[in-house]
Amino acid sequence: MDGVTIVNHPLVQHKLTLLRKKDISTKSFRELLKEIGMLLCYEVTRDLPLADVDIETPLAQMKSPKIAGKKLVFAPVLRAGVTFADGMLDLVPTARIAHIGLYREPETFVAVEYFFKAPSDLHERLVIVISPVLATANSAVAAVDRLKERGANDIRLVSLIGAPEGVERMRGVHPDVPIWLAAIDQGLDENAYILPGLGDAGDRAYGTK
């Protein structure tokens, strides 16, 4: 699908398999989520522009590349997105953070916002939305809607897994937002959970169910 990148790196796929298993501990789930976040960050930032700068090594002066252009904002959708973002911050510790609190209304599956806090200069930054599961895409769409309202104009979305329905909806509503995923699964069940999926990522990361 245009605008969608499936990251099939062996380490990502291996860790995703471990993450899916129902009998892993909360601690292991959280650790794997952070590790995959770091690996996917590597992929989603692969095309960041570089510019040569003058530096001095212990032996000589030289020109060497550094990241140029827009600075990064990581925008995790609470709750599980925070652990995912922690892995990305290990790679890019200077990134700013936008926190987006959304929960899924259990009857209608509509995303309800309860918290939003972001840097004031979103229009000057590349914003990477982190939503571990792209099921109906209601939360991801709402997060991008809110970020655009606040001025963001260069947005990317990173998820662990997606359902075809969610991916198609996200691309239909926000075709300017490219998506990175580790896998696209079979589809949604009657409760709008992804099959075969990995369950509720927030509950599994924090032991709340």
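Counting of residues starts from 1 at the beginning of each chain's written sequence and follows it residue by residue. Residue-level local features of this predicted model are given only where pLDDT is at least 70; pairs of side-chain atoms are given and counted only at 80 or more, and the full residue set underlies all totals for whole chains, interfaces and linings. To get the side-chain values, all heavy atoms of the structure are used, and hydrogens and water are removed first.

The protein chain is annotated in an unreviewed UniProt entry as Uracil phosphoribosyltransferase from Bradyrhizobium lablabi. UniProt positions are given in the numbering used here, feature names are shortened, and annotations may be inferred rather than shown by experiment. Quoted straight from UniProt, the Catalytic activity (unreviewed entry) entry for the protein chain says "UMP + diphosphate = 5-phospho-alpha-D-ribose 1-diphosphate + uracil". Looking at the Pathway (unreviewed entry) heading of the UniProt record, one finds this comment for the protein chain: "Pyrimidine metabolism; UMP biosynthesis via salvage pathway; UMP from uracil: step 1/1."

Visitor: For the UniProt feature "binding site: 5-phospho-alpha-D-ribose 1-diphosphate" (unreviewed entry) in the protein chain, give the residues involved together with the corresponding values.
Guide: Under the UniProt annotation, the feature "binding site: 5-phospho-alpha-D-ribose 1-diphosphate" (unreviewed entry) is placed at R79, R104, S131, P132, V133, L134, A135, T136, A137, N138, S139 and D200. Restricting the annotated residues to those that line the largest pocket leaves R79, R104, S131, P132, V133, L134, A135, T136, A137, N138, S139 and D200. In DSSP terms, a helix is any run of H or I states spanning at least four residues, a strand is any run of E spanning at least two, and both are numbered starting from the N terminus. Its location among the elements puts R104 in strand β6 (residues 99–104). Among residues more than four places away in sequence, those in contact with R104 are F109, V110, N191, A192 and Y193. Within the element layout of this structure, A137 appears in the loop between β9 (133–134) and α4 (138–149). Classification of A137 as buried rests on a relative accessible area of 3%. Residues count as neighbours in contact if any of their non-hydrogen atoms are within 4.5 Å of one another. Among all residues touching A137, those that are not within four sequence positions of it are G166, R169 and M170. Both site types are read off a 1 Å grid over the protein atoms alone. A 1.4 Å probe that fits but cannot get out defines a cavity, while an open set with protein on both sides within 12 Å along at least five of seven lines defines a pocket; lining residues have an atom within 4 Å of a point. A 1.4 Å probe rolled over the protein chains alone gives each residue an accessible area, and that area as a share of the maximum for its type sets the label: buried under 20%, exposed over 50%, partly exposed in between.

Visitor: Run through the nonpolar core, naming residues and quoting values.
Guide: Only buried residues count toward a nonpolar core. Its members are Ala, Val, Leu, Ile, Met, Phe, Trp, Tyr and Cys residues joined through side-chain atoms within 4.5 Å. F74 and L160 are the most contacted members of the largest nonpolar core, which totals 35 residues. If you list the elements that add at least two residues to this core, you get α1 (10–20), α2 (26–44), β4 (71–78), α3 (80–91), β8 (125–130) and α6 (201–206). It is α2 that contributes the most residues to this core, seven residues altogether. Apart from the residues within four sequence positions on either side, L160 is in contact with L16, L19, L33, I36, F84, S131, P132, L181, A182, A183 and L198. Core analysis: the next-biggest nonpolar cluster, separate from the first, contains 28 residues, A98, I100, V127 and A137 among them.

Visitor: Kindly report on the layout of surface pockets, identifying the contributing residues and their values.
Guide: The computed volume of the largest pocket comes to approximately 690 Å³. Along the wall of the largest pocket there are 31 residues; nearest its centre are R104, V133, S139, D200 and G202. Of all the secondary structure elements, the ones that give two or more residues to the lining of the largest pocket are β4, α3, β6, β9, α4 and α6. Class assignment of the residues belonging to the lining of the largest pocket gives a composition of 19 nonpolar, eight polar and four charged. Grid points are joined across faces, edges and corners, and a volume is the space filled by probe spheres set on the points. Classes in brief: Ala, Val, Leu, Ile, Met, Phe, Trp, Tyr, Cys and Pro nonpolar; Asp, Glu, Lys and Arg charged; the others, Gly included, polar.

Visitor: Tell me what's going on with the sheet that holds strand β11 (residues 161–162), and back it up with residues and numbers.
Guide: Backbone hydrogen bonds are what pair the strands of a sheet, in a parallel or an antiparallel way. Across the sheet, three strands lie side by side as β9-β11-β13; this open sheet has parallel pairing. For this open sheet the edge positions go to β9 and β13 (183–184), each flanked by a neighbour on one side alone. In this scheme, strands are said to pair when DSSP sees at least two bridges between them. Note: β9 against β11, two bridges, orientation parallel. Of the residues in β11, the one forming a bridge with L134 is G162.

Visitor: Lay out the side chain of R156 with the relevant residues and their values.
Guide: Position of R156 relative to the elements: it lies in strand β10 (residues 155–158). On the basis of relative accessibility, which here comes to 11%, the residue R156 falls in the buried class. Identification of polar contacts relies on pairs of N or O atoms within 3.5 Å, with a donor-acceptor requirement for protein atoms, meaning one able to donate a hydrogen and the other able to accept it, and with residues adjacent in sequence counted only if both atoms are side-chain atoms. Engagement of the side chain of R156 in a polar contact is seen with the backbone oxygen of V44, the distance being 2.6 Å. Reaching out from R156, the side chain makes a polar contact with the side chain of D47 at a distance of 2.9 Å. Apart from residues no more than four positions distant in its own chain, R156 is found in contact with V44, D47, L126, V127, I128, V129, V177, P178 and W180.

Visitor: I'd love a proper account of the pattern of salt bridges, names of residues and values included.
Guide: A pair is scored as a salt bridge if a Lys or Arg side-chain nitrogen falls within 4 Å of a carboxyl oxygen belonging to Asp or Glu. Enumeration according to the criterion identifies 12 salt bridges in this entry. The partner of D2 in a salt bridge is R171, with the nearest N and O atoms 4.0 Å apart. Residue D2 is found in the segment before β1 (4–6), and its partner R171 is found in helix α5 (residues 164–173); the two are separated by 169 residues along the sequence. On the accessibility criterion, D2 (67% relative accessible area) is exposed.

Visitor: I'd love a proper account of the packing of α4 against α5, names of residues and values included.
Guide: Note on definitions: angles span 0 to 180 degrees between N-to-C directions of axes, and those axes are lines fitted to C-alpha atoms, for helices only across the stretch in contact. Following both chains from N to C, one finds α4 and α5 inclined at 20°, their axes separated by 9 Å at the closest point. Our classification of the angle between α4 and α5 gives roughly parallel. As for how α4 packs across α5, the hand of that crossing is right-handed. On α5, the residues that touch N138, A140, V141 and V144 of α4 are R169, M170 and V173. Oblique is the label for any angle not under 35 degrees, not over 145, and not in the 65 to 115 range, which are roughly parallel, roughly antiparallel and roughly perpendicular in turn. Helix crossings get a hand from a simple test, with the near helix turned counterclockwise from the far one by less than a right angle marking a left-handed crossing and a clockwise turn marking a right-handed one.

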